[in-house]
Amino acid sequence: MVFGINLNGPEYEARLKKPFSPPTVTLKEIHDAVPKHLLKSTVYQPLEDPIKAAAYIARDITFTLLLFKLASLIGPWADTDFSGFVISGWNKALLKAALWCTYHWFQGMVWAGIFCLGHDAGHGTLFEDNKINNAVGFVLHTKATASMERDENYVPYFRSEYNLPPETKATKFDYAEVFEETPIYTFARMFIMQGFGWWVYLTKNTMGSKMYPPGTNHFDPNSPLFKPEQPLNDNPSLLTLLRHPDNGPQITKAIKTVLKDDYNYDSTPTWYALYRSFTQCLFVEEEGDIVFYKNKHGVAARGVAQGAVKKIKESGWNGDAQDSNIKFPKLDI
């Protein structure tokens, strides 16, 4: 809740009342459920003409350069008192700041488009030719994802990183000392994360992979992120949690037939869901087959159904081998 208001979607509330049981459906079963024409390239569904895919890239690069040009005019225009229309000092400063904010807003949207194009190219789904995909993806956005321990961003903090006592010994005071904050302070953190979090991550590896030392810089070719033959790298951002391909609804409809009750949908408003994540998803335990985020009281919103992990293991399910027979597009990078 925020200020006593609960905006959770009914689907989310229903899930909280049901213990979690790991799905046993395999990636191959999900992959096979999707109609093959939806898995083809050029923005996930063929555009018949690679020129159209290239046009998307050219469009966003053109918008980027155009916005750069317009931004370069803000300073000189302000020096002329905005052609004599704004003379007062504070009015000039306010208008200049507003123009820069407007520039950053629109440039951010354009760069989000470039990110998505590079992301799709990295998946081998922008062009039919994987060599072109690799080249475009390498320039616009190269990607790497894996398990929680090896993920590249939004890696959860562990209990030990907050110097919290073991779960069996921790008290309410221990949690309050670390996590207690007002809603206003939480909103301030959300603003900083949304406005500057991407750059803090890139320059300091904040909430980045624990495989790399603290302060790892994504712009430093000598950092541990890169192999000697890789002079440039870029990594996924929060946008990867929000973006979907153009034919996403069709793919969603197909995989729901396989996932059944394991398919999760949440109608919670986006900004409330973000606030919920800031207040409910604070750390995870170091140990456990399946771990859930815990809140400022050290309590997880949901738990694993009793005996669920043991049951699927006894049935012969093997998480490491379940998808060994599925073939994914090969990337040469």
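Relevant structure appears above.
Presented here is a report on the structure given in the accompanying data block.

The rules behind the values
- Residues numbered from 1 in each chain as written.
- Predicted model: local features only at pLDDT ≥ 70, side-chain atom pairs only at ≥ 80, totals over all residues.
- Heavy atoms only, no water.
- Axes fitted to C-alpha atoms, helices over the stretch in contact; angles between N-to-C directions.
- Helix = DSSP H or I, 4+ residues; strand = E, 2+ residues; numbered from the N terminus.
- Parallel < 35°, antiparallel > 145°, perpendicular 65-115°, else oblique.
- Left-handed = near helix turned anticlockwise from the far one by under 90°.
- Contact = heavy atoms within 4.5 Å.
- Nonpolar A, V, L, I, M, F, W, Y, C, P; charged D, E, K, R; others polar.
- Phe/Tyr/Trp six-rings, centres within 6.5 Å; stacked < 30°, edge-to-face > 60°.
- Buried < 20%, exposed > 50% of the residue type's maximum accessible area, 1.4 Å probe, protein only.
- Lys NZ or Arg CZ within 6 Å of the ring centre and 35° of its normal.
- Core = buried A, V, L, I, M, F, W, Y, C linked by side-chain atoms within 4.5 Å.

Our next topic: the packing of helix α6 (residues 89-122) against helix α7 (residues 130-140). The interhelical angle for the contact between α6 and α7, taken along N-to-C directions, is 140°, at an axis separation of 7 Å. Relative to α7, α6 is oriented oblique. For the crossing formed where α6 meets α7, the hand is left-handed. Of α7, the residues touching α6 (which contributes Ile114, Leu117, Gly118, Ala121 and Gly122) are Asn133, Val136, Gly137 and Leu140. Residue classes in the contact of α6 with α7 are distributed as five nonpolar, four polar and no charged.

Below, the discussion takes up the packing of aromatic side chains. All chains considered together, the criterion is met by 11 aromatic pairs. Plain terms: the ring middles of Trp77 and Phe82 are 4.9 Å apart, the flat faces sit at 80° to each other, and that makes the pair edge-to-face. Relative accessible area serves as the criterion here: at 41%, Trp77 is assigned to the partly exposed category. Ring centres 5.2 Å apart and planes at 35° place the aromatic pair Phe187 and Tyr275 in the tilted group. Taken together, the residues Phe187 in helix α9 (residues 183-204) and Tyr275 in helix α12 (residues 270-280) connect sequence positions 88 residues apart. An aromatic cluster of at least three residues, connected via ring pairs, comprises Tyr157, Tyr162, Tyr175, Phe179 and Phe283. In this arrangement the basic side chain of Arg276 is found over the ring face of Tyr12, its NZ or CZ atom lying 3.6 Å from the centre.

Turning our eyes to something else, we now look at the packing of helix α3 (residues 50-72) against α6. Following both chains from N to C, one finds α3 and α6 inclined at 160°, their axes separated by 10 Å at the closest point. Taken as axis vectors, α3 and α6 run roughly antiparallel relative to one another. By crossing handedness, the relation of α3 to α6 is classed as left-handed. Contact residues: α3 offers Tyr56, Ile57, Asp60, Phe63, Thr64, Leu67, Phe68 and Ala71, while α6 offers Trp100, Tyr103, Phe106, Gln107, Val110, Trp111, Gly113, Ile114 and Leu117.

Within the largest apolar cluster, nine residues are counted, these being Ala53, Ile57, Ile114, Leu117, Ala121, Leu126, Phe127, Val136 and Leu140. Secondary-structure elements contributing two or more residues to this core are α3, α6 and α7. Counting residues per element, this core draws most heavily on α6, which supplies three residues. By size, the runner-up hydrophobic cluster in this structure holds seven residues, among which are Val25, Val34, Leu38 and Ile251.

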